[in-house]
Amino acid sequence: MRASQYFISTLKEAPADAEVVSQKLMLRAGFIRKVAAGIYSYLPIGLRVIRKVEEIVREEMNRAGALELTMPMVQPSELWAETGRWEKMGEEMLRFKDRHERDFALQPTSEEVVTDIARQELKSYRQLPKNFYQIQTKFRDERRPRFGVMRGREFTMKDAYSFDRNVDAAGRSYDAMYAAYCRIFDRLGLTYRAVAADTGAIGGDRSHEFQVIADTGEDAIVYCPDSDYAANIELAEALPLLGSRAAPMHGLEKTPTPGAATCADVAKLLGLPLATTVKSLVLATDDVDEKGKPAGVTVWLLLVRGDHALNEVKASKVEGLKAGFRFATEAEIHEHFGCKPGYLGPIGMKKPVKVVADRTVANMSDFICGANDEDYHYTGANWGRDLPEPDLVADLRNVIEGDPSPDGKGRLAIQRGIEVGHVFYLGTKYSKAMNATFLDEDGKPKHFEMGCYGIGVTRILGAAIEQNNDARGIIWPDALAPFRIVVCPVGWGKSEAVRSEALKLYEGLLAAGVDAILDDRDERPGVMFADWELIGVPHRVVIGERGLKEGLAEYQGRRDAEATKVAIGDLAGFVA
Ligand code: ATP
Ligand code: MG
Ligand code: MG
Ligand code: MG
């Protein structure tokens, strides 16, 4: 590529609303332009990076035996109704009607459509296993899109879905995807960790998130540097750990009202050694029926150490609780927490929660922060207006860092991460809901055992930049760089010798299959260098008249402090 014919559009300053470094740099380097909240155009140079990610993902998915297809962006409500998710998906799913008044949604994920394909096409066990994947646009109407492409509303995801005969075979499909994900993130050159994640209603231990380590990450990871132990903090395994160190609580004995569950009751029920750490609990639900009435029960425990509210953890959905307990009233909750309603703000919510009280509070935040109906997320900055955003990681560091790890092999450490991938064993949840069966060897119909596997293709760009940048701009890992090397001639317009040598080098690189760009814009060196450093091209060769006289060019890696003089003939070895 020749820069004069390409499109480079760098900015001195990032727009004022850009929050994190990757977002600022992607805007300044001309990779993306914002169209609406969470919705971006990818300019040519940004799209090159997307394509690099996609190619690595595609190669490794194909190598693992997955088959690429593509499913529609626009999906009919009927399929989503079969699994009950037309109702359950909530506001993240963008819905609309066509001209015939039929309901549709933009796909936030594609379990329904792929299961529909499977039930129509996969008739026999002989056709199994199968793993279908797509690299497609997703739309999630995120409550708070932010951090540029890291939490967009429109974004590209690689989503794969496996279909197997039985649980063992599904385990093998899961393991194959886990291994493929490790290869993908290795090849992308990212520092990451695979962490155990919540399996929700499915149960079991087959859910892992791939987290890119970065201080701006929205997730908190508990891990052990000396062993394989690593978990998303949401995973309940961390609860006993918190319990083991937290100080005894005052007021624990205090039961809000006769008949309401005590903290100790709940801890016992959940089999957790929490009795000494739970100051209070809130019985709440995030499930509502079609009339908006709460259904099902979720127990939220408030963990405290001393007077320091640590975190609120969704412990479990315990159906049995319904029988023995009633819900605390709003007034009791206030009373029991022994504080002004605003105090609850910093504890936060991972997702919207309906508090079940005598009167149904529309939303936890209603009584946490007073007036509005928005829902509150732990990591959102959208807290009650006057409450600071809590620092969960700092809290965790105070309380459990250095404790023995659950596997007994070392001590715990805490990190922030960005979820770039997620592998999940689904069991027969969708195949049963949609009656998707195949005929097994014994001639009987069986439900498919399924798994789903996502990678945030566009989020990876942000995550990679969060890990690789300096004051001058982006530092792409080679595998992701829009161009691997830039040839910068000094005096392009003036010197025939510079021109011909630069062209020769550039063409040689292309012939050797190296993704090179030649900066033939005839700009001053300072302008050229600033652009390519901002854009993050990992290798640079400068050709100037003075050096040429001695047969020398200057090579500088993006992380190098200074340039190295290299004989022009030796450049190939330097760059390859
Ligand atoms: P998060 O917890 O960040 O909201 P998620 O758990 O909802 O993500 P999944 O349903 O597991 O996301 O989707 C698979 C992958 O898609 C995620 O691991 C992430 O990399 C990516 N992804 C999810 N939501 C977004 C988004 N709003 N913008 C960009 N990428 C996203
Ligand atoms: Mg999400
Ligand atoms: Mg997640
Ligand atoms: Mg996820």
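Residues numbered from 1 in each chain as written. Chains lettered and ligands numbered in written order. Predicted model: local features only at pLDDT ≥ 70, side-chain atom pairs only at ≥ 80, totals over all residues.

1. Topic: the overall build of the chain
Counted only if it meets this: The helix and strand labels rest on DSSP assignments: H or I over at least four residues marks a helix, E over at least two residues marks a strand, and numbering proceeds from the N terminus. Counts of 20 or more other C-beta atoms within 10 Å of a residue's own C-beta define buried residues, counts of 12 or fewer define exposed ones, and intermediate counts define partly exposed ones; C-beta atoms are placed from the backbone. Each residue is represented by a C-beta atom placed from its backbone, and any two residues with such atoms within 7 Å are regarded as in contact.
Within the chain one finds 18 helices and 29 strands. Looking at the chain as a whole, 45% of its 576 residues qualify as buried. Taking contacts inside the chain between residues at least 6 apart in sequence as the whole, the part at least 24 apart equals 68%.

2. Thoughts on the pairing of strand 2 (residues 39-42)
Where a strand is regular, its side chains alternate between the two sheet faces. Filter applied, for reference: Strand pairing requires that DSSP identify at least two bridges connecting the strands.
As judged from the four bridges shared by strand 1 (residues 32-36) and strand 2, these two strands associate in the antiparallel manner. Across the sheet, lysine 34 pairs through a bridge with tyrosine 40, a residue of strand 2. Counting the residues between successive antiparallel strands, the hairpin from strand 1 to strand 2 contains two residues, one of them, glycine 38, with a positive phi of roughly 70°.

3. A look at the site of ligand 1
Let me state the cut-off plainly: Residues are counted as near a molecule or strand when the C-beta atom, derived from backbone positions, lies within 6 Å of that molecule or strand. Side-chain classes follow a simple rule in which Ala, Val, Leu, Ile, Met, Phe, Trp, Tyr, Cys and Pro form the nonpolar group, Asp, Glu, Lys and Arg form the charged group, and the remainder, Gly included, forms the polar group.
Of all residues adjacent to ligand 1, which total 15 residues, the nearest are Phe155, His422, Gly454, Gly456 and Arg459. Broken down by secondary-structure element, the contributors of at least two residues to the shell around ligand 1 are strand 8 (154-164), strand 19 (413-427), strand 22 (449-456) and helix 14 (457-467). Ranked by residues supplied to the shell around ligand 1, first place goes to strand 19 with four residues. Of the residues belonging to the shell around ligand 1, the class tally is three nonpolar, seven polar and five charged.

4. Looking at unusual backbone geometry
A cis geometry characterises the amide bond from leucine 128 onward to proline 129, with omega recorded as -5°. Looking at the element boundaries, proline 129 is found in the loop between helix 5 (111-121) and strand 7 (130-139). For asparagine 435, which is not glycine, the phi dihedral falls at a positive 45°. Here asparagine 435 shows up in the loop between helix 13 (429-433) and strand 20 (437-439). What makes asparagine 435 exposed here is the crowd of 11 C-beta atoms within 10 Å.

5. Let's talk about helix 15 (residues 496-511)
Think of an α-helix as 3.6 residues a turn; residues three or four steps apart then line up on the same face. Going by this rule: In this analysis, the expected span of each helix is defined as 1.5 Å times one less than the number of residues it contains. What the arc covers is the set of directions going from the helix axis to the C-beta atoms.
The first and last C-alpha atoms of helix 15 sit 22 Å apart over 16 residues, in line with the 22 Å expected at 1.5 Å per residue. Glu501, Ala502, Leu505, Tyr506 and Leu509 are the residues of helix 15 that are buried. Within helix 15, the buried residues cover an arc of 130° as seen down the axis, which keeps them to one side. Away from its buried face, by an angle of more than 90 degrees, helix 15 presents the exposed residues Glu496 and Ala511. Tucked inside the fold, the buried residues of helix 15 contact strand 25 (485-489), strand 26 (516-518), strand 27 (539-543), helix 17 (545-549) and helix 18 (571-575).

6. Some words on the sheet that holds strand 26
What links the strands of a sheet is backbone hydrogen bonding, and the strands pair in either a parallel or an antiparallel sense. Applied cut-off: Axis definition: a line fitted to C-alpha atoms, limited for helices to the stretch in contact. Angles are taken between N-to-C directions and run from 0 to 180 degrees.
Strand order in this open sheet of five strands is 26-25-27-28-29, and the pairing throughout is mixed. The outermost strands of the open sheet, each flanked by one partner alone, are strand 26 and strand 29 (564-567). Taking the axes of each pair of neighbouring strands and ignoring which way they run, one obtains an average angle of 25° across the sheet. With three bridges connecting them, strand 25 and strand 26 associate as parallel partners. When the bridges of strand 26 are listed, valine 487 appears paired with leucine 518.

7. What to know about the sheet that holds strand 4 (residues 74-76)
Taken together, the three strands give an open sheet; going across it, the order is 4-6-5, and neighbouring strands pair in antiparallel fashion. In the strand order of this sheet, the two ends are held by strand 4 and strand 5 (95-97), each with one partner. Between one strand axis and the next, the sheet turns by 40° as a mean value, whatever way the strands run. With three bridges joining them, strand 4 and strand 6 (residues 103-106) adopt antiparallel strand pairing. Following the sheet pairing, valine 74 is matched in strand 6 by leucine 106.

8. Looking at the packing of helix 2 (residues 44-63) against helix 6 (residues 167-187)
Defined as follows: In these notes the angle categories are as follows: under 35 degrees is roughly parallel, over 145 is roughly antiparallel, 65 to 115 is roughly perpendicular, and the rest is oblique. Here is the rule for handedness: rotate from the far helix to the near one, and if that takes an anticlockwise turn smaller than a right angle the crossing is left-handed, while a clockwise turn gives right-handed.
Where helix 2 contacts helix 6, the two axes come as close as 9 Å, and the packing angle between them is 150°. The angle between helix 2 and helix 6 places the two elements in the roughly antiparallel class. Relative to helix 6, the crossing made by helix 2 is right-handed. In this structure, helix 2 uses Ile56, Val57, Glu60 and Met61 to contact helix 6, whose residues at the interface are Ala180, Arg183, Ile184 and Arg187. For the contact of helix 2 with helix 6, the class distribution of residues is five nonpolar, no polar and three charged.

9. Considerations on the confidence of the model for the chain
How we decide: Per-residue confidence from the prediction method is given by pLDDT, with values spanning 0 to 100.
Averaged over all residues, the pLDDT of the chain is 78; the fraction at 70 or higher stands at 70%. Across residues 374-390, where pLDDT falls below 50, the model places 37 contacts with residues more than four positions away in sequence or in other chains. Taken over the whole predicted complex, pTM reads 0.79, whereas the ipTM for its chain interfaces reads 0.99.

10. Observations concerning the packing of helix 1 (residues 21-28) against helix 14
Where helix 1 contacts helix 14, the two axes come as close as 8 Å, and the packing angle between them is 105°. The orientation of helix 1 relative to helix 14 falls into the category roughly perpendicular. Between helix 1 and helix 14, the contacting residues are Val21, Ser22, Gln23, Leu25 and Met26 on the first element and Leu461, Gly462, Ile465 and Glu466 on the second. Looking at the contact of helix 1 with helix 14 residue by residue, the classes come out as five nonpolar, three polar and one charged.

11. Quick notes on the environment of phenylalanine 104
You can see phenylalanine 104 is positioned in strand 6. In the structure, phenylalanine 104 is positioned 384 residues away from cysteine 488 in sequence and 51 Å away in space, judged by C-alpha atoms. With residues up to four places along the chain from it excluded, the contact list for phenylalanine 104 reads Val74, Gln75, Pro76, Ser77, Arg95, Phe96 and Asp98.

12. Topic: helix 16 (residues 525-535)
Every buried residue of helix 16 is accounted for by Met528, Asp531, Trp532, Glu533, Leu534 and Ile535. Of the surrounding elements, those touching the buried residues of helix 16 are helix 1, helix 2, strand 24 (473-474), strand 25 and strand 27. Positioned one or two residues after helix 16, glycine 536 has a phi angle of 95°, which is positive.

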